[in-house]
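Letter by letter, the chains look like this.
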Amino acid sequence: MCGIVGYVGTTNDGTALDVVMEGLARLEYRGYDSAGVALLDGDHVETRKKSGKLANLTAELEARPLPASTTGIGHTRWATHGGPTDQNAHPHRGGKDGKLALIHNGIIENFHALKQGLLADGVEFASETDTEVVAHLVAAAYEQHRDLTTAMRAVVADLEGAFTLLAIHADQPDVVVGARRNSPLVVGLGENANYLGSDVAAFIGHTRHALELAQDQIVTITPEGATVVNFDGTPAEGKAYEVTWDAAAAEKGGYATFMEKEINDQPHAVRDTLLGRTDPEGRLILDELRISEEQLRNVDRITIVACGTAAYAGMTAKYAIEHWTRIPVEVSLAHEFRYCDPIVNERTLVVSISQSGETMDTLMAVKHARELGALTISICNTHGSTIPRESDAVLYTHAGPEIAVASTKAFLAQITASYVLGLYLAQLRGGSFADDAQSVMKELAGVPAKIETLLAQMGRVKEIAKFMADTRSVLFLGRHVGYPVAMEGALKLKELAYIHAEGFAAGELKHGPIALIEPGQPVFVVVPSPTSEHGLHGKVVSNIQEIRARGARTLVIAEEGDEAVEPFADEVIRVPATSPLLAPLLTVVPLQVFALWLSTAKGLDVDQPRNLAKSVTVE
Ligand code: F6R
């Protein structure tokens, strides 16, 4: 939530404004309530800020241009304190002369008490934000220390909550200072130019050399380099790494929206997530886990913590991991985990799943699990992010940057990585499924080609979506691994098309929700493979008949060759045949495509749905 960019360099690298605006365009998915920039111009700071999307700021900059500069900061906001107005947009100015400009991601929990102190000193406020309080505090500290890094260090000591802060000061040209606690900040290292960003997308157009910061650190960038200190003033060093993708990966690549591109990227996301995880004999090797085999063999309970789509990936994984390892798996929404007095000890493996690696709810769950002595593994898509850093080990998904706010390719990559983890545990523990690990991995390796086939036949789903543009409510049913897929389908539709949508376990229908069925009610049904155990397929086919008998319009997702669904389906959407546990990697695709095109048909912003932001860094 909130995108942050900082730049200092030479004019050879383009003006500060160009670099900062390019960074903001790439980070807009993190928040789009307002945007603003501040540049150093001689002995003063110039700011421009505007509520609404970045386009409004661009228009403002055309109407009131800014001078060329080599030092600047920029911000896209997801509002917390104070509405999405021009006044509350960042950057905020500090001090009587307004020589300091500051931007912020996160929440300062003790801002009210700090504000009272400033008000008592006669400070006047121009906004309702917690950020402006910090701007005034840093400006006052600067008057005392005459050094922006020292001033920042003095102030962060008094702040409670989660924050990334960036500041520039007119009296200290060619310097941007950043501070982070429980909120993302990465450094980009260029030639005679350096960068700060909420994530590497902020500077990927300029450099792929990055520096990861730890918690409670302050970084000072100048054109020559980056210096890191801990909040207590002791020197520190960031961890250098190379970003594995380039600017083209963060662009639409000819598609109209990022979401459409990312849906079509899914074969790569699955394929790349499987890469390098088996030896030539097909045995799983996860050296990267940095947890001893002994510790993993000792695990007697697994808890998955995640939110939203990532939690549905976790629910899918529960079925597979329990089946393969016979270890009980619980899935806990990360924001509930801490408050349910979780039963966790040193034999519990807590697996967090997060695309961004910055979701505050998930981060806090991981920290809590570690306090309770659990082993923690993070399944994450973002190198250098906080959750992997705070975990004992990480298993990266390799989906590439996900820019559309609604998650698609990350979901498939998360299921893939958690299956890899489950199979690895099965292999380690021996038992009846240890030998199956290799054959399942082989089958997984064939899934990307099946997704490609499926994507090539989505024309009818697009037509159905367009035809349903005026629909007010859609239900989704599934059983077993089809149940989380049904919930994911409903979530996509809610967030993208603002339509009432609900996903149910198909067996639950007769316990209440069937009362919702009235003539014409559209219901998607995710049908399990006819090869599923325990007569699952037949039960879902009966569920379709039950709702059809009550007038529902049935949109059935079924395997190629499954003729049993034909008599009861108004529409059949075919997916390639696969073994039941792998089916979610296919059955969710038509639901993503449906939500994309229904939203498009309604004329909505597919990539930036209202009220949302990618990367939820507040609790
Ligand atoms: C929905 C969606 C969200 C995220 C959730 C967790 O399309 O994107 O539900 O899945 O906010 O985000 P991460 O995976 O970054 O922790």
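Anyway, here's the lowdown on the structure attached to this text.

Cut-offs used in this document
Residues numbered from 1 in each chain as written. Predicted model: local features only at pLDDT ≥ 70, side-chain atom pairs only at ≥ 80, totals over all residues. Heavy atoms only, no water. Phe/Tyr/Trp six-rings, centres within 6.5 Å; stacked < 30°, edge-to-face > 60°. Helix = DSSP H or I, 4+ residues; strand = E, 2+ residues; numbered from the N terminus. Buried < 20%, exposed > 50% of the residue type's maximum accessible area, 1.4 Å probe, protein only. Core = buried A, V, L, I, M, F, W, Y, C linked by side-chain atoms within 4.5 Å. Near = heavy atom within 4 Å. Polar contact = N/O pair within 3.5 Å; in protein donor to acceptor, adjacent residues only side chain to side chain. Areas by Shrake-Rupley, 256 points an atom, 1.4 Å probe, with all protein chains shown as cover. Nonpolar A, V, L, I, M, F, W, Y, C, P; charged D, E, K, R; others polar. Domains from an automatic or database assignment. Salt bridge = Lys/Arg side-chain N within 4 Å of Asp/Glu carboxyl O. Pairing = 2+ DSSP bridges. Contact = heavy atoms within 4.5 Å. Axes fitted to C-alpha atoms, helices over the stretch in contact; angles between N-to-C directions. Right-handed = clockwise from strand over helix to strand, strands pointing away.

Next up on the list: the packing of aromatic side chains. The way to describe two aromatic rings as a pair is by their centre distance and the angle between their planes. Counting across every chain of the model gives six aromatic pairs. Ring centres of W324 and Y419 lie 5.3 Å apart, and the angle between their planes is 85°; on these two criteria the pair is classed as edge-to-face. With W324 in helix α9 (residues 308–325) and Y419 in helix α13 (residues 409–429), the pair connects residues that are 95 residues apart, well separated along the chain. The exposure class assigned to Y419 is buried, which follows from its relative accessible area of 0%. With 5.2 Å between their ring centres and 5° between their planes, F476 and F524 make a pair best called stacked. Residue F476 is located in strand β21 (residues 473–478), and its partner F524 is located in strand β23 (residues 522–526); the two are separated by 48 residues in the primary sequence. Neither F476 nor F524 differs from the other in exposure class; each is buried.

With that settled, consider the nonpolar core. Core analysis: the largest hydrophobic core is formed by 127 residues, its most contacted members being I302 and L493. In terms of residue count, α13 provides more of this core than any other element does, twelve residues in total. Core analysis: the next-biggest nonpolar cluster, separate from the first, contains 28 residues, A141, M152, V155 and V156 among them.

Before going further, it helps to examine the site of the ligand. Around the ligand sit 15 residues, and of these S354, Q355, S356, T359 and E495 come closest. The contact in question runs from an oxygen atom of the ligand to an N or O atom on the side chain of S354, over 2.6 Å. Between an oxygen atom of the ligand and a main-chain N or O atom of Q355, the distance comes to 2.6 Å. For the ligand, the accessible surface in isolation is 410 Å², of which the surrounding protein chains cover 86%. Its residues assigned to classes, the shell around the ligand shows five nonpolar, eight polar and two charged. No fewer than three residues from each of domain 2 (258–445) and domain 3 (455–601) sit in the shell around the ligand.

This structure, assessed with the given rule, holds 28 salt bridges. Of the charged contacts, one joins D171 and R146 as a salt bridge, the two residues approaching to 3.1 Å between their closest N and O atoms. Within this pair, whereas D171 is found in the loop between β7 (161–169) and β8 (176–181), its partner R146 is found in the loop between α4 (130–145) and α5 (148–156), the two being separated by 25 residues in sequence. We classify D171 as partly exposed; its relative accessible area is 29%. Residue R146 is classed as partly exposed on the basis of its relative accessible area, which comes to 43%. In this structure, the salt-bridge partner of E571 is R460, at a minimum N-O distance of 2.4 Å. Of this pair, E571 sits in strand β25 (residues 571–575) while R460 is found in helix α16 (residues 459–467), placing the two residues 111 residues apart along the sequence. You can call R460 partly exposed: its relative accessible area is 41%. Sharing partners across several salt bridges, the network here consists of K99, E143, R146 and D171.

This paragraph deals with the sheet that holds β7. Read from one edge to the other, the open sheet built from seven strands follows the order β5-β6-β7-β8-β12-β13-β14, with strand pairing classed as antiparallel. One side of each edge strand has no neighbouring strand; the edge strands of this open sheet are β5 (92–94) and β14 (235–236). The pairing of strand β13 (residues 226–230) with β14 spans two bridges and is classified as antiparallel. Note that in β14 the partner of V229 across the bridge is P235. Relative to strand β6 (residues 100–108), α4 is tilted by about 130°, and along the sheet it contacts β5, β6 and β7. Taken strand by strand, α5 contacts β6, β7, β8, β12 (217–221) and β13, and its axis lies near 155° from that of β7.

The element β21 is extensively covered by neighbouring structure, given that six of its six residues are classed as buried. Here β21 shows two buried faces, one formed by S473, L475 and L477 and the other by V474, F476 and G478. Sheet topology note: the β21/strand β22 (residues 500–505) ladder contains six bridges and is parallel. Bridge assignment links S473 to a residue of β22, and that residue is H500. Crossover handedness for the path β21 to helix α17 (residues 482–497) to β22: right-handed. Where β21 meets β23, four bridges bridge the pair, whose relative direction is parallel. Counted as the bridge partner of L475 is V523 from β23.

Looking at the element boundaries, H92 is found in strand β5. Looking at H92, the relative accessible area reads 2%, which means it is buried. In this structure the side chain of H92 is engaged in a polar contact, spanning 3.3 Å, whose partner is the backbone oxygen of A89. A polar contact of 3.4 Å, which involves the side chain of H92, links it to the side chain of T129.

Among all residues save glycine, negative phi is the norm, and among peptide bonds the norm is trans. P91 follows H90 through a cis peptide bond whose omega is 0°. For P91, the position within the fold is in the loop between β4 (71–77) and β5. Positive phi, close to 55°, is recorded for Y498, a residue that is not glycine. Here Y498 shows up in the loop between α17 and β22. The phi angle at N611 is positive, at roughly 65°, despite the residue not being glycine. Topologically, N611 is positioned in the segment after α19 (584–601).

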